[in-house]
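Here is what each chain is made of, one letter per residue.
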Amino acid sequence: MAFLIVIPIAMLLAIVFDKKTEETIALSMIWASLLAYLCGIIYELWIATYLVAGIAVLSTVGTVVYGIRKKKIANLITPGLLQYLLLCGYYMLVFKGRFVNSQDSLVAYEKYPREFYYVNDICRFKEPVGVMVWKYLSLKMWPNYSEGMQLFAGVAMQVAMLVFFFRQTESDKKRDKILKFCLGLFFMLFLPLTYKGGVVAMQYDYIAGILTAFVLAAYMALKQTGDRYYKVLVISSLVFLIHIKSTGIILALICLMIIAGMEMVYEKQEGIRRYYFLTVCTVAVVLSKLSWTFFCKLNDAEEKFSIGQAIHKMKPYAVVAAVIVFAATLYIGIRILLKKNLKVYISLVILMAIAIFAGTTVIMPADIRLQTMGSFAQIIFSNYCVDRAYGFGSNLQAPFIMVIVILPCLLYMLSREKEDSVRRQNRIFMILVNAGFLVYAAVVYLTNFYGRGLNQTVKAKQCERYLFGYIIVFVLLYISIILRDMEKTSLYPVVIGLLVFTAVFISDLGIFYRQTFVRSEVARYDAIEKVDIEYPDVVYFVDEIGDENVDRFNFELSPGRIVSKDYIDMHLSTLADEPHKITLEEWTDKLKECRYVFLAAVDDNFAEEYGSIFEDEIALGHFYSVIVDGENVRLKIADMN
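Criteria and cut-off values
- Residues numbered from 1 in each chain as written.
- Predicted model: local features only at pLDDT ≥ 70, side-chain atom pairs only at ≥ 80, totals over all residues.
- Heavy atoms only, no water.
- Helix = DSSP H or I, 4+ residues; strand = E, 2+ residues; numbered from the N terminus.
- Buried < 20%, exposed > 50% of the residue type's maximum accessible area, 1.4 Å probe, protein only.
- Contact = heavy atoms within 4.5 Å.
- Areas by Shrake-Rupley, 256 points an atom, 1.4 Å probe, with all protein chains shown as cover.
- Phe/Tyr/Trp six-rings, centres within 6.5 Å; stacked < 30°, edge-to-face > 60°.
- Lys NZ or Arg CZ within 6 Å of the ring centre and 35° of its normal.
- Expected span 1.5 Å × (residues − 1).
- Pairing = 2+ DSSP bridges.
- Axes fitted to C-alpha atoms, helices over the stretch in contact; angles between N-to-C directions.
- Parallel < 35°, antiparallel > 145°, perpendicular 65-115°, else oblique.
- Left-handed = near helix turned anticlockwise from the far one by under 90°.
- Nonpolar A, V, L, I, M, F, W, Y, C, P; charged D, E, K, R; others polar.
- Core = buried A, V, L, I, M, F, W, Y, C linked by side-chain atoms within 4.5 Å.
- Salt bridge = Lys/Arg side-chain N within 4 Å of Asp/Glu carboxyl O.
- pLDDT = per-residue confidence, 0-100.

**A look at the overall build of the protein chain**
The secondary structure content of the protein chain amounts to 27 helices and nine strands. A buried classification covers 54% of the 641 residues belonging to the protein chain. Within the protein chain, contacts between residues at least 6 apart in sequence are counted, and of these 74% link residues at least 24 apart. Element-wise, carbon and sulfur atoms account for 62% of the exposed surface of the protein chain, whose accessible area totals about 27,700 Å².

Next up, the structure:
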């Protein structure tokens, strides 16, 4: 019920900052998540559940008291809040009876929140945990553990951010308000859900893309209104963006780059004071990143991405070149910012992106260079993708370049009737956003080489879903600007057609039926409920046939985990030897690390080779307790009662 519990907090914020409720729902979620994150890194996660619930109660009282005193209770029930509730209600039905069945989700993105739920603390460190702690709160505020609720939590956060883009203003005419409400509902129905092969697969890259657009839209609201609320919103969202995924730091730095360009032109202060807000945002981003880095080090864990890891993978000459380029770029950038030369600044950003592309291409092995460049270019300029059915990107039926080109052209058509300061500001802003895409694409190209094996680098594997996150930034920011300009143009049919076209263009219309009515079967392991699994128990999962869904079993096993998947088929390989069948002695050595053995599938020789250590009959689909007595190991059935 966390998606409802944050509403009183959002309403109180709306009263304090004199805003509409739809403008504060996402901020209340972000603050609740950051509070849980702080509890997790300082002490334990479970405290956050009570703190958020307590704040919600106090906010309810505050909303009633201040709402009556300021006569704003009626103003809190807004069309945007209704949109949020309607969409959340619909998606709760969508996720009813759904199960996680995507590999990345089973291995990390949904497994970690499930483990947090049972352990009541942050116990995994490989991935940033921003969305995961929000899922933790959502699970803890639900009567029992539910995979559907866990999946729904991420969608609820996206809906909270999306209603911000379709918020109504006091200057909107009645016709515009109705249009925004209906188009907002239609548009958002196709955005939050990720659908893959009949199962739900939430992509955190997509959430990061929406949050990036949210940061930049809030910043533009700040420049156009000067309202201090948007300063709070921008800083809070940037801090949270760091903890969405490892790519969050890249997106946050691109946001800072865009903010720097806008401050150069539109901030009224002179000299270094012109960049005061940029400095505050930068410090917040750095502290947010360092908090996770230090927390991982204190727990003897290694975060997925760090500067140290990147440097370690680079050759010495590449490290020296990178340091020189970074220092030169920083020095030149500061000089340009102080001289307020926007054209040179944008040129420098583009040159930096080109330098990353060129440097990466030169460094990679010559025999894969052309093929890698071709694969990456195809992702942008064609429908090519290694796995087009992967995640939400599968629903974008046209090349990314069409979004990058068509949306600016349509915006130009709508804004050509009249030129004013706001439209000039929007134009400069979107030029910076486009430059940001070049930088982001260059970094994705770089990580495709440094972060993956050469066989994956050649195919540009997974680059599509990373780039798709920034395509969402394009779509939402252009739509946001067009909606604000609707009252200034006579091209209403074009506006309507643009929004409908965008929603249809992005999504496979058949998804609406499938996500509502189709329920897919997934492998279930009910025997897990009959044994006591605690953190950090290890289970030896035996699958000699290779037909079992080992990732699904590992997910349901939370907060425990399976041994390495390298030898669940009862074969072992070493640096010196070819893979060979594990001997009884080798197996007993590995079983000493485990609490249980689970027999999923065995071959005809299993009983003869390993049966001597079983105290009970060998039966598939059962757990066996590992009993260690000195050097001896025995297996006793554990789930019969």
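**Section: the packing of aromatic side chains**
The full count for this structure, using the stated rule, is 41 aromatic pairs. Ring geometry for F437 versus Y470: centroids 5.7 Å apart, planes at 50°, classification tilted. With a gap of 33 residues between them, F437 in helix α20 (residues 421-450) and Y470 in helix α22 (residues 463-485) connect regions that are remote in the sequence. Of the two residues, F437 and Y470, neither departs from the other in class, the shared state being buried. Taking the ring centre of F555 as reference, the NZ or CZ of R114 above it sits at 4.8 Å.

**Comments concerning helix α2 (residues 25-42)**
A rise of 1.5 Å per residue sets the reference length of α2, with its 18 residues, at 26 Å; its end C-alpha atoms lie 26 Å apart and thus fit the reference within 8%. With 13 of its 18 residues buried, α2 lies for the most part within the structure.

**A look at the pairing of strand β9 (residues 632-637)**
When strand β8 (residues 623-629) meets β9, the two strands line up antiparallel, connected through six bridges. Each residue of the ladder has a partner; that of Y624, found in β9, is I637. Counted between consecutive antiparallel strands, the loop separating β8 from β9 contains two residues, among which G630 sits at a positive phi close to 70°.

**Notes on the sheet that holds strand β3 (residues 538-543)**
Within the open sheet, the five strands sit side by side as β4-β3-β7-β8-β9. Their pairing is mixed. Each end of this open sheet is capped by a strand with a single partner; those strands are β4 (561-562) and β9. Here strand β7 (residues 596-601) runs beside β8; their pairing, made up of three bridges, is antiparallel. Bridging across to β8, Y596 finds its partner in S625.

**Re the packing of helix α7 (residues 111-119) against helix α8 (residues 130-140)**
Contact geometry for α7 and α8: axes closest at 9 Å, N-to-C directions at 50°. In terms of their interaxial angle, α7 and α8 are classed as oblique. The two elements α7 and α8 cross, and the hand of that crossing is right-handed. On α8, the residues that touch Y112, P113, F116 and Y117 of α7 are M132, K135, Y136, L139 and K140. Residues of the contact of α7 with α8, tallied by class, amount to seven nonpolar, no polar and two charged.

**Remarks on unusual backbone geometry**
The linkage connecting Y535 with the following residue, P536, adopts the cis geometry, with an omega of 0°. Considering the arrangement of structural elements, one finds P536 in the loop between α24 (510-517) and β3. Here the bond from S558 into P559 is cis, since omega is 10°, no more than 30 degrees from zero. Take P559: it is sitting in the loop between α25 (550-556) and β4.

**Thoughts on the environment of R465**
Assignment of secondary structure puts R465 in helix α22. On the basis of relative accessibility, which here comes to 9%, the residue R465 falls in the buried class.

**Looking at the side chain of Q83**
Within the secondary structure layout, Q83 lies in helix α5 (residues 79-95). For Q83, the contacting residues outside a window of four places in its chain are V163, F166, K180, F181, G184, L185 and M188.

**Details of the nonpolar core**
Side chains that are nonpolar tend, in soluble globular proteins, to be buried together. Grouped together as the largest cluster of nonpolar side chains are 174 residues, with contacts concentrated most on M29, Y84, F429, L467 and Y470. Sorting elements by how many residues they give to this core places α22 first, with 17 residues. Residue contacts for Y470: discarding those within four places in its chain leaves L251, I254, I258, V433, G436, F437 and Y440. In this structure, I582, A600, F614 and Y624 belong to the second largest nonpolar core, which totals 38 residues.

**Some words on the pattern of salt bridges**
According to the stated counting rule, one finds 20 salt bridges in the structure shown. As a salt-bridge pair, E147 and R552 come within 2.5 Å of each other at their nearest N and O atoms. You can see E147 sitting in helix α9 (residues 147-165) and its partner R552 sitting in helix α25, a full 405 residues away along the chain. The pair E147 / R552 is uniform in exposure class, with both members buried. Notably, a salt bridge pairs K592 with E631, separated by 3.0 Å at the nearest N-O pair. With K592 in the loop between α26 (584-591) and β7 and E631 in the loop between β8 and β9, this pair connects stretches of sequence that are 39 residues apart. For E631, a relative accessible area of 64% puts it in the exposed group.

**Digging into the packing of helix α1 (residues 2-17) against α8**
Interaxial distance between α1 and α8 falls to 8 Å at its minimum, and their mutual angle equals 100°. Put simply, α1 runs roughly perpendicular to α8. In this structure, α1 contributes A2, F3 and V6 to the contact, and α8 contributes W134, L137 and S138. Here the residues of the contact of α1 with α8 are counted per class, giving five nonpolar, one polar and no charged.

**Digging into the environment of L241**
With respect to the element layout, L241 can be found in helix α12 (residues 228-241). Look at L241 and you get buried, because its relative accessible area is 0%. Linking L241 and A208, residues 33 residues apart in sequence, is a C-alpha distance of 6.7 Å. Once residues lying within four places of it in the same chain are set aside, the contact partners of L241 are A208, L211, T212, G248, L251, A252 and C255.

**Focus: the environment of L137**
For L137, the position within the fold is in helix α8. For L137, a relative accessible area of 1% puts it in the buried group. For the pair formed by L137 and F116, sequence separation is 21 residues and the distance between their alpha carbons is 9.8 Å. Residues contacting L137, with those up to four places away along its chain left out, are A2, A32, S33, A36, A48, T49 and V52.

**Considering the confidence of the model for the protein chain**
Per-residue confidence for the protein chain averages 82 on the pLDDT scale, and 85% of its residues sit at or above 70. The model gives residues 192-201 a pLDDT under 50, and that stretch makes 43 contacts with residues more than four places away or in other chains. The low-confidence segment residues 388-394, where pLDDT is below 50, has 28 contacts with residues more than four positions distant or belonging to other chains.

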